[in-house]
Amino acid sequence: MPRKKQFAVDDARQKAMVTFWSHGYNATSLQDLVKTMGINRASLYNTFNDKYSLFLDSLDAYKLIYIKSYLAEQVKKHTPREAIINYFLDMILKADERNGCLMVNTALELSPHDEKVAKIVYQSFNYIERNFFRRMIEQGHASGEIAKSVIPITTARALLSLLIGLCVLSRSDSNKPVLQAIVSQVKSLLPLGDNVALPHPISRTAKNHGRKVQPGVAHAG
């Protein structure tokens, strides 16, 4: 009978993913992995084949946990425009960890000369652009939260570019003002639509605290 594994595979993969995320692929040694994962080299090879295969598994795990599952949660919790803006704000909040985004880091380190890695990275970015940014813009159109003048395809691509730039810059503490400027740019790309709740206009004959409202003059309260 095959020997039963004495460790949780998903937990070990998660720990490997964090190690690659912190140090990058080339700077992560087998010794780093077995120490972090709490297993020996034989178990690593028997379960994940080798370091490279484990890295590909880690990228898939990252894509599921930190992209697909995370974005699904944002869609549930926020309106379309708020979901997009909150995505960028969350990335800034996590900037103190200085790890950036594993997919962006990998794109810079390995994608130019590794087809398998490049494919996973492309699929991840494509998912964010099409299934989140573009989808949220289209839903924002339907609800009236985002102006119809916003073009889904081109704006989604611009948002992805801003996201990648934010992830790269977030690895340096000195770039905090630039990160905030990126969020401002995101908001400007998503002007509010006509159906966003605004204060009800006050008629010309309405009274404010016993005084007649002058035509063309706004009064608070």
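Counting restarts for each chain, with residues numbered from 1 along the sequence as it is written. Note on the predicted model: pLDDT of at least 70 is required for a residue's local features to be given, and 80 or more for side-chain atom pairs to be given and counted; whole-chain, interface and lining totals, by contrast, use all residues. Heavy atoms from the whole structure form the basis of all side-chain values; hydrogens and water molecules are not counted.

Regarding the nonpolar core
Across soluble globular proteins, you tend to see nonpolar side chains buried next to one another. Stated formally: Buried residues of nine kinds, namely Ala, Val, Leu, Ile, Met, Phe, Trp, Tyr and Cys, make up a nonpolar core once their side-chain atoms join them within 4.5 Å. Per-residue accessibility, obtained with a 1.4 Å probe over protein chains only, is compared with the maximum for each type, and a residue is labelled buried under 20%, exposed over 50%, and partly exposed between these values. By definition, residues are in contact when any of their heavy atoms lie within 4.5 Å.
Grouped together as the largest cluster of nonpolar side chains are 58 residues, with contacts concentrated most on M37, I84, Y87, F88, M103 and F133. When sequence neighbours within four positions are dropped, the list of residues in contact with Y87 reads Y70, L71, I128, F132, F133 and L163.

Focus: unusual backbone geometry
The following threshold applies: A run of DSSP states H or I qualifies as a helix once it reaches four residues; a run of E qualifies as a strand once it reaches two. Both are numbered from the N-terminal end.
Its identity as a non-glycine residue notwithstanding, N49 has a phi of 75°, on the positive side. Along the chain, the position of N49 falls in the loop between α3 (41-48) and α4 (51-77).

Examining the side chain of T19
Examined against the element boundaries, T19 turns out to sit in helix α1 (residues 9-23). Other than its neighbours up to four places away in sequence, T19 contacts G24, T28, D32, L33 and T36.

A few points about the pattern of salt bridges
Spelled out, the test is: A side-chain nitrogen of Lys or Arg and a carboxyl oxygen of Asp or Glu constitute a salt bridge if their distance falls within 4 Å.
This model, assessed by the stated rule, comprises 5 salt bridges. Residue K15 is joined to D11 by a salt bridge in which the shortest nitrogen-to-oxygen separation is 3.2 Å. Here K15 pairs with D11, and both are found in helix α1, just 4 residues apart, close to one helical turn. Classification of K15 as partly exposed rests on a relative accessible area of 32%. One salt-bridge network, in which partners are shared between bridges, spans E129, R134 and R157.

Notes on α4
Formally: For a helix, the expected span equals 1.5 Å multiplied by the residue count minus one. Each polar contact in these results corresponds to two N or O atoms within 3.5 Å; when the atoms are within protein, one needs to be able to donate a hydrogen and the other to accept it, and residues that are neighboring in sequence are counted only if both atoms are side-chain atoms.
With 27 residues, α4 extends 37 Å between its outermost C-alpha atoms, agreeing within 8% with the 39 Å of an ideal straight helix rising 1.5 Å per residue. Measuring from the side-chain oxygen of the N-cap residue of α4 to the backbone nitrogen of Y52 gives 3.3 Å; that N-cap residue is D50.

Let's talk about the confidence of the model for the protein
The predicted coordinates ought not to be read in detail in places where the model reports low pLDDT. In plain terms, the rule: Values of pLDDT, ranging from 0 to 100, describe the predictor's confidence in every residue of the model.
Residues with a pLDDT of 70 or more make up 83% of the protein, whose mean pLDDT is 86. pLDDT under 50 marks residues 199-221. Its contacts with residues more than four places away, or in other chains, come to 15 contacts.

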